[in-house]
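Topology and contacts: notes
This is what each chain is made of:
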Amino acid sequence: MKSRTCYIRTTAYDREWVKTNVANLAASGIFIGTSCWKYPSWRGLLYDEARYTWRGKFAKTRFEKNCLSEYAEVFKTVCVDAAYYTFPSLKNLEGLAAQTPSDFQFGFKVTDEITVKKFPNLPRFGHRAGQPNEHFLNAAVFERGFLHPCESIRSRVGLLIFEFSRFYSADYEHGRDFVAALDSFLDQLPKGWPYAIEMRNKHWLKPAYFDCLARHHVTHVYNSWTEMPSVSEQMSLPGSQTNPELVAARFLLKAGRKFEEAVKFFQPYDKTKEVNEDARKAGAALIVEGKKTAKRKTFIFVNNRLEGNALQTINAMLEATEAPH
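Source: prediction; values computed, not measured. Each chain carries its own residue numbering, running from 1 in the written order of its sequence. In keeping with the predicted nature of the model, local features appear solely for residues at pLDDT of at least 70, side-chain atom pairs appear and are counted solely at 80 or more, and the whole-chain, interface and lining totals rest on all residues. In computing side-chain properties, one takes all heavy atoms of the structure into account and sets aside hydrogens as well as water.

Our focus in this paragraph is the side chain of Asn 133. Relative to the helices and strands, Asn 133 is located in the loop between helix H4 (112–115) and helix H5 (139–150). We classify Asn 133 as buried; its relative accessible area is 7%. Within 3.5 Å is the distance limit for a polar contact, defined as a pair of N or O atoms, with the added protein rule that one can donate a hydrogen and the other accept it, and that residues adjacent in sequence qualify only through two side-chain atoms. A polar contact is formed between the side chain of Asn 133 and the backbone oxygen of Glu 113, at a distance of 2.7 Å. Contacts: residue pairs with any heavy atoms within 4.5 Å of one another. With residues near it in sequence (within four places) discarded, Asn 133 still touches Asp 112, Glu 113, Ile 114, Val 116, Lys 117, Lys 118, Phe 119 and Arg 128. Secondary structure counts use DSSP, requiring at least four H or I residues in a row for a helix and at least two E residues in a row for a strand, with both numbered from the N terminus. A simple rule labels every residue: compare its accessible area, found with a 1.4 Å probe on the protein chains alone, to the largest value its type can have, and call it buried under 20%, exposed over 50%, or partly exposed in between.

Structure follows, in structure tokens:
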């Protein structure tokens, strides 16, 4: 039998081995990458520090401006979390596309101007903090502010994620009320875009919610978060695969762990500090399933705050696909 690769892996992250596997998977419609990419702690693993050295010192500005090009030498997708905080500009989108090859696919988190029902009491919201959001689930604002600039790189948009933070009873008394509002919103959206919904209310993962997404050919994002069931548990829920042509998962946090706790524990994200076997197996299962299913795209995004280093987690997921199933 011909050897799949000639590389001998001597570390927890083998850049060339991952590069080869990622390229093969992308050719089969399976895209695996990270959430964001601007991590100086990945120097020596993914990034060559010499590229970003100026007058003998690491130039952070140069790194953040140009490192996507080097990231895209290995990976074929990335989740752009920054789009969650502000509507993307045409200039920025075209700048991202210019740093990546034509087969690179972006996952974008849709701006919270569309997905937040009431603005949290955070400084970045200014005078709007604590106030209702007049643009919540406003399809016209979304189309104008988000889709319009994306048109110029449409072939590079692999996934558009509407991330809804946890709703409380003051927002919706019942999950069915949110589903009704979501159904109306999805019905108004322009067709043909790869829409996906990420929920943070675990008790709302019911048939009515999954049926709503399926009617609109919208993908439920399997996501690991503080108060959410694990990705593997969500995958086992009847009807959770709502779009037969598009599957997505984001591996973010261990269940029960708060975001702030994960940041403090895992920084500076230079190595694995805690193995999450369930997440690794779920990621591997999604890859294996994707290989068996024709005409489907699969997106898998891994965050540093899951185990400490997303690169090493991805390496482990790829290794797990080689184990007997």
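Structure's up, so let's keep going.
It is worth spelling out the pattern of salt bridges at this point. Between Lys or Arg on one side and Asp or Glu on the other, a salt bridge is scored when a side-chain nitrogen of the former is within 4 Å of a carboxyl oxygen of the latter. Applying the stated criterion across every chain, the model contains 24 salt bridges. For Arg 51, the salt bridge is made with Glu 70, and the minimal N-O distance between the two is 3.8 Å. Of this pair, Arg 51 sits in the loop between strand E1 (30–35) and strand E2 (53–54) while Glu 70 sits in helix H2 (residues 60–71), and the two are 19 residues apart along the sequence. Taking the relative accessible area as the measure of exposure, Glu 70 reaches 2% and is therefore buried. A cluster of three or more residues bridged by salt bridges with shared partners is formed by Asp 81, Lys 109, Glu 163, Glu 198, Arg 200 and Arg 250.

A word on the confidence of the model for the chain. Per-residue pLDDT for the chain has a mean of 94; in total, 96% of the residues score no lower than 70. What pLDDT conveys is the predictor's confidence in a given residue, as a value from 0 to 100. Note that pLDDT drops below 50 for residues 1–10; the model gives that stretch 15 contacts with residues more than four away or on any other chain.

We now examine the environment of Ile 153. Tracing the chain through its elements places Ile 153 in the loop between H5 and strand E6 (157–163). Using a relative accessible area of 4% as the deciding quantity, one classes Ile 153 as buried. Considered as a pair, Ile 153 and Ala 50 are 103 residues apart in the sequence and their alpha carbons are 31 Å apart. With residues near it in sequence (within four places) discarded, Ile 153 still touches Leu 93, Glu 94, Ala 97 and Phe 108.

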